[in-house]
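What the coordinates show
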Amino acid sequence: MIPASGLRLRLLAGFCLLGAIGAVVAGAFALQAGRHLGADYSALAGDIVRAQEDTAELRLELDGLIDHAHHAWHMDRITSLVERIPERIRTIREGLARSEINAADYAPMLAELTQAEGLYRRLASTLDTLAPSVGDDVRHLNRLGHELEGSLAWAYSRLLQEVHQAAADQQRLMRWLSLAVILLVILVLLVAAALMLALVRIHRQWLSLRELSVTDELTQLANRRQLWEVAQRYLELNQRDGGELSLLLIDLDHFKRINDRYGHPAGDAVLQAVAAEFTRVARESDLVARLGGEEFAVLMPNTGTEGGRRLGERLREATADLTLPGEAREHRLTISLGLATTLAGREALAQLYSRADRCLYRAKQNGRNRLEINAQA
């Protein structure tokens, strides 16, 4: 049976563990989701920026071609930049398809890129047939190149704006989602805390009910049920280790006279005083119980007949010397006792109790205020 303090500690440890797990889950969600979304849009934005850099460089090389028409280096750079255009456009199309951006938002830019692909083919064809020594061919190439560059620059610029806007929207969404996850974790923790508090209260109530079920209400001693349960456990242990178990049954002599003369409240006070005296005299390992009315019992684990006899005599003498409370203080109270001992659990509890009860009956028959012993196992 777990005590209330032990249950509270276990539940507190469980709550702390649950809180730590919740914090880790919420943090991991926010971190990983933010990284994933940020990486997706960063990659797409990087592809667009590199394509913009190519178009800007293409414009510079085209301008330089007018001044250096016969410079082969310019022609090689222009050819290299133009050859990259289809790959850049294809990469950007694939990135947009994988993104969460609404297709309608970037449809005009894709249409512009499709048109740019037509210009690219014309420009590539011109580069194949270009005669650098012919000025008209160079000017025609320059015009086509600037037209292509302008188309690409507009499309890339608008696409980059859309990507930045989508990334900002996703960041706002992720903040809200992260907040929602954190609130959900807090809600779960609050519910768990409420359930744990309810469990503690239920457990405390159960312990109280359990205590009431095994405790005599008047004297706060163990009752018959608890005596029976504890004795049964000790008998089972004795069967294993061969220990001894003694049982004292006690009856207050002529207790009815106290109730009849002083009233039941005075009788209850006497029962409480006797219970306190029995508890004081008994050893810490002994279990003192009230069986009902004026009947008491003392269960003595690991105690033989001689040890039980000595305790019984101490109880008898202490009761005879006890000053009773209230109006009953002039009354001299005595007790009759019956002792039975079993060895190695060789008999059932009912048999042990029956032998102690017969001893108690014999003590009463022989004049009361005495202890009778039957050590037969």
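The paragraphs below set out a description of the structure included in this document.

Analysis parameters
Residues numbered from 1 in each chain as written. Predicted model: local features only at pLDDT ≥ 70, side-chain atom pairs only at ≥ 80, totals over all residues. Heavy atoms only, no water. Core = buried A, V, L, I, M, F, W, Y, C linked by side-chain atoms within 4.5 Å. Buried < 20%, exposed > 50% of the residue type's maximum accessible area, 1.4 Å probe, protein only. Helix = DSSP H or I, 4+ residues; strand = E, 2+ residues; numbered from the N terminus. Contact = heavy atoms within 4.5 Å. Phe/Tyr/Trp six-rings, centres within 6.5 Å; stacked < 30°, edge-to-face > 60°.

Turning our attention to the nonpolar core. Counting residues in each nonpolar core, the largest one holds 36 residues, and the members touching the most others are Ile48, Leu96, Leu113, Leu148, Leu152, Tyr156 and Leu159. Only helix H1 (4-67), helix H2 (72-98), helix H3 (103-129) and helix H4 (135-214) provide two or more residues apiece to this core. Take this core: its biggest share by element is 11 residues, from H4. Formed by 31 residues, the second largest nonpolar core is a distinct cluster that contains Leu252, Ala266, Phe296 and Leu311.

Attention shifts here to the environment of proline 301. Mapped onto the elements, proline 301 comes out in strand E3 (residues 295-301). Owing to a relative accessible area of 7%, proline 301 belongs among the buried residues under this scheme. Spatially, the C-alpha atoms of proline 301 and leucine 247 are 8.7 Å apart, while their sequence positions differ by 54 residues. Apart from the residues lying within four places of it in its own chain, the contact partners of proline 301 are Tyr234, Glu244, Leu245, Ser285 and Asp286.

For the rest of this paragraph, the subject is the packing of aromatic side chains. For any pair of aromatic rings, the description consists of the separation of the ring centres together with the inter-plane angle of the planes. Per the counting criterion, the structure on display carries two aromatic pairs. With a centroid separation of 5.4 Å and an interplanar angle of 90°, the aromatic rings of phenylalanine 278 and phenylalanine 296 are classed as edge-to-face. With phenylalanine 278 in helix H7 (residues 264-281) and phenylalanine 296 in strand E3, this residue pair connects regions lying 18 residues apart in the sequence. For phenylalanine 278, a relative accessible area of 1% translates into the label buried.

Backbone geometry at glutamine 220 places phi at a positive 65°, although glycine is not the residue there. Topologically, glutamine 220 is positioned in the loop between H4 and helix H5 (224-241). Assessed through its relative accessible area of 58%, glutamine 220 is described here as exposed. The phi torsion at asparagine 369 lies on the positive side, around 50°, for a residue other than glycine.

Worth remembering: the numbers are spatial, not functional.
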